[in-house]
Amino acid sequence: MARHDAENAAVTALLGPTNTGKTHLAVERMLAHRTGMMGFPLRLLAREVYDRVVAEKGEQAVALVTGEERRIPEEPRYFVCTVESMPLDREVEFLGVDEIQLAGDRERGHVFTDRLLRARGTAETMFLGADTMRPLIRTLVPEVRFTSRPRLSTLAHEGHCKLARLKPRNAVIAFSTESVYALAERIRGLRGGCAVVLGALSPRTRNAQVGLYQAGEVDSLVATDAIGMGLNLDLDHVAFSAYRKFDGRTTRMLMSAEIAQIAGRAGRHLTDGSFGTTGGIEPFDPSLVQAVENHRFPPVRRAYWRNAALCFESLPELAESLAEPPPLPGLRRTHDADDHRTLLVLARDPAVAETLTGADRIALLWEVCQIPDFRKTMAEDHVGLVRRIYLSLVESGRLPPDWVGRSIERLVPTEGDIDTLTARISHVRTWTYVSHRADWVDDARGWQERTRSLEDALSDALHTRLTELFVNKRARTARPGRRADEALFAFVGEGGAVTVEGERAGAFNGFRFRPDAEIEQSREVLAAANRVVEREVARRVAAAAADGDDAFALGLEAGQEEAPRWGEIAWQGAAIARLGRGDSPLRPQIVLIGEDHLSAAQRERVRRRLQSWLDRRIARDAGPLVTLHEAALDGSARGVAFALSEALGCVPRRSLSPQIAALDEAGRRGLTEIGVRLGVLSVFMPAMLKPARSRCAGLLWWAWGGAGTPPPTPGSAVSLDRDPAVPDACYAALGLVPLGSQALRADITERLAARLRKAAREEPFAVDPGMLKLAACKRAKFDDVLAALGYTTVGLGTDGQPRYGRSGTRRPAERTRRRGKGVDPDSPFAKLSELATGAVRPS
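All values derive from a computational prediction rather than experimental measurement.

Undergrad: So what's going on with the environment of P564? Residues and values would help.
TA: Examined against the element boundaries, P564 turns out to sit in the loop between β23 (552-554) and β24 (568-571). A relative accessible area of 9% means that P564 is categorised as buried. Separated by 14 residues in sequence, P564 and R578 place their C-alpha atoms 9.1 Å apart. Residue contacts for P564: discarding those within four places in its chain leaves A553, L554, G555 and A570.

So this is what it looks like as structure tokens:
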């Protein structure tokens, strides 16, 4: 590590928007010193600066150090690196780090923060980046001196413009590979072609595509936010086709600073640029436009940090050191970087765990876990590769040359579609990284040359394929000149539509792909579609697993036409699962929809994510039941709580008479404290009677009962017409008490029963309007309610209206049952009248 304690070493933060010449100035400052080192966020940027420094100082004076490429002469004076690969044990006079605002990035931020805190040149240190980092750098590096540079040109908003009317020398921005391909296909038809820039492209392919644009062969560039850093293009206008992006964990709105970073690619040096929107989105909000044009954005509040002083004495000590809290304010601990997640998976692998017998083995496992996953969506394959590498190193200290050779040989073919070639390049990049570990492989230089030449060949093939598809004007599926063995080009566009050679072949709904009827007979088109289906499913699984809770919805309205329907779980508006009978009423089973397209590991990953979301949703919508289920009660109180939670919040008191009779004062108090009411007719939880909670309880009952006909939804109503087909247990889960032809809410039933008992003290009594209003019941149906509660007509009053009194010798349940509207005599509600009328005294 470069010396941190050089008291006379200047530390400068050079901050400002895009197109200010910050990187150019920093390189000049480095070259003014005898030795220097610079760290860049991208391999592409590092290579560009390396070529510039080599041209000025000579190849023997400059080292290039990235994860996949190391060119280190015998006595280099200058090191150009990616930030992760900076050799901090080397002492240099000048040290610089570009794009320091990436300290706020969730995945890589801890590396940039480490450089901000620990990396220093002996004479000069310079951090380059956005002005949003100023307050945080001031907090973390008090000795810093700030320097600002204004933008060399103006960036202005030009509103919304149709794709066909965009002015020349433009870049259209999308935030997924599928969207980029769809836009490029449209531009090919509208304007004759375009270049394509994606983060997944190798530097060689990316430079070749940019070369098409810079040479004027095409007037448009379609790109992801990969152009936001390091690509100096002659762009006049940047048009955004979307506001939202998937950041590796969730789909979210772009922040104003991110929009500025991308839009700032328009207008280089002294040439002004513009930005706006295109496609199906509206123009930017005026306040956002003002922020971008004036370069004023919310500051970065926290930088991600991870302890660099790790302990390898044991796995628990390594985990503890990784969990070390940040030492300074303004820092946030990184929880789930890729290497950390890989470590957690492999530590649970029995074959790996039994080898972790000392600090050397644990340190080796950590080193191997840091192999980058260039494929991103193939997590299981990556972990499997890391596992194989680790176990091979443990066994023999070296990777078997024949296995390495076979693994690389499988990547040699240069035929295939864009996705196939891109995947092969990602695999090669992994092996290139491994080949630079001379302590892992024999003949490291030979493997490096082999992987470098293979990446170049695949990159050239990918550039050719992109150019054929998006620059040359060709017919679609039956285009002239297509070789018989050449695969059709397919991609997934906006909204999940799968397109093969420009023609729709089907669409995704959640994890399900449904081919269109007219293409099911075309084996070639179906094969092309299925190639992208597997990759799209993997992408969707990763996105769903990483998305926030607000991306999911639960169907709680019966008869709803759009997803989610009753009992379904929707992700981003598409049904992906439904509820079924689980281990308990509060823990329904999650049944995936369209799981045939998922591997076993993918199914488990989605289920785990949905289960964690559903647990939180149930805790929110049925919180009192969760509290009841987890309550620390003893004896009879515990029995009452268990029965009540199993019934989802409402039970006829008669069915719990033995337990209630055995309750002591502490048990009654404990039940009361968690919201249980021991009513005359029912034992229930008043908090569960709210409409949202009642609906949730009804859904849980429906799932527990085998997911048949959805139950009624009372909403805010206190009474419903009773459906003979609906079981009493369902009404109880909804917080309703069946009474003849009606079902009344439990708390209303208690109040009504109390009012009737009071009125019956002086028999006979008349039904007054207050009783009808309380029960929210029409007069014609109120007699059924009275009968179910044990009251019958005993005559007429002087006003000609019926008078009522307690039932005689016949049981009310039998009388109402004979009328065809009564309660099942075997139901726990059958003898409600005995309690309601006082024939049986409550304990």
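Undergrad: I'd like a rundown of the sheet that holds β23, residues and numbers included.
TA: Read from one edge of the open sheet, four strands run β23-β24-β25-β26, paired in antiparallel fashion. At either end of the open sheet lies a strand with only one pairing partner, and these are β23 and β26 (587-592). The sheet shows a mean angle of 35° between the axes of neighbouring strands, taken without regard to direction. Examined bridge by bridge, β23 and β24 share three bridges and lie antiparallel to one another.

Undergrad: Summarise the nonpolar core; cite the residues concerned and give the values.
TA: Core analysis: the largest hydrophobic core is formed by 71 residues, its most contacted members being L610 and L671. Here this core takes nine residues from helix α17 (residues 523-546), the largest share from any one element. By size, the runner-up hydrophobic cluster in this structure holds 61 residues, among which are L166, I362, I371 and L469.

Undergrad: Which residues make up the sheet that holds strand β1 (residues 10-15), and what values do they have?
TA: With respect to topology, eight strands assemble into an open sheet ordered β4-β3-β5-β2-β6-β7-β1-β8, the strand pairing being mixed. The open sheet has two edge strands with one neighbour each: β4 (70-71) and β8 (145-148). Sheet analysis places β1 next to strand β7 (residues 124-129), joined by six bridges and oriented parallel. Bridged to L14 within β7 is L128. Helix α1 (residues 22-31) rests against β1, β2 (36-40), β5 (78-82), β6 (94-97) and β7 of the sheet, and its axis sits at about 165° to β7.

Calculation notes
Starting from 1, residues in each chain are numbered consecutively following that chain's sequence as written. Predicted model: local features are reported for residues with pLDDT of at least 70 only, side-chain atom pairs are reported and counted for 80 or more only, and whole-chain, interface and lining totals are derived from all residues. Only heavy atoms go into the side-chain values, all of them from the structure, while hydrogens and water stay out. For helices the rule is a DSSP run of H or I covering at least 4 residues; for strands it is a run of E covering at least 2, with both sets numbered from the N terminus onward. Buried, partly exposed and exposed residues are distinguished by accessible area as a fraction of the type maximum, computed with a 1.4 Å probe on protein chains only: under 20%, between the cut-offs, and over 50%, respectively. When checking whether two residues touch, look at their non-hydrogen atoms; a contact exists if any pair is within 4.5 Å. Should DSSP find at least two bridges between two strands, the strands are regarded as paired. Axis lines are fitted through C-alpha atoms, for helices just across the contact stretch, and the angle between N-to-C directions can take any value from 0 to 180 degrees. Here, nonpolar core means buried Ala, Val, Leu, Ile, Met, Phe, Trp, Tyr and Cys residues that are tied together by side-chain atoms lying within 4.5 Å of each other.

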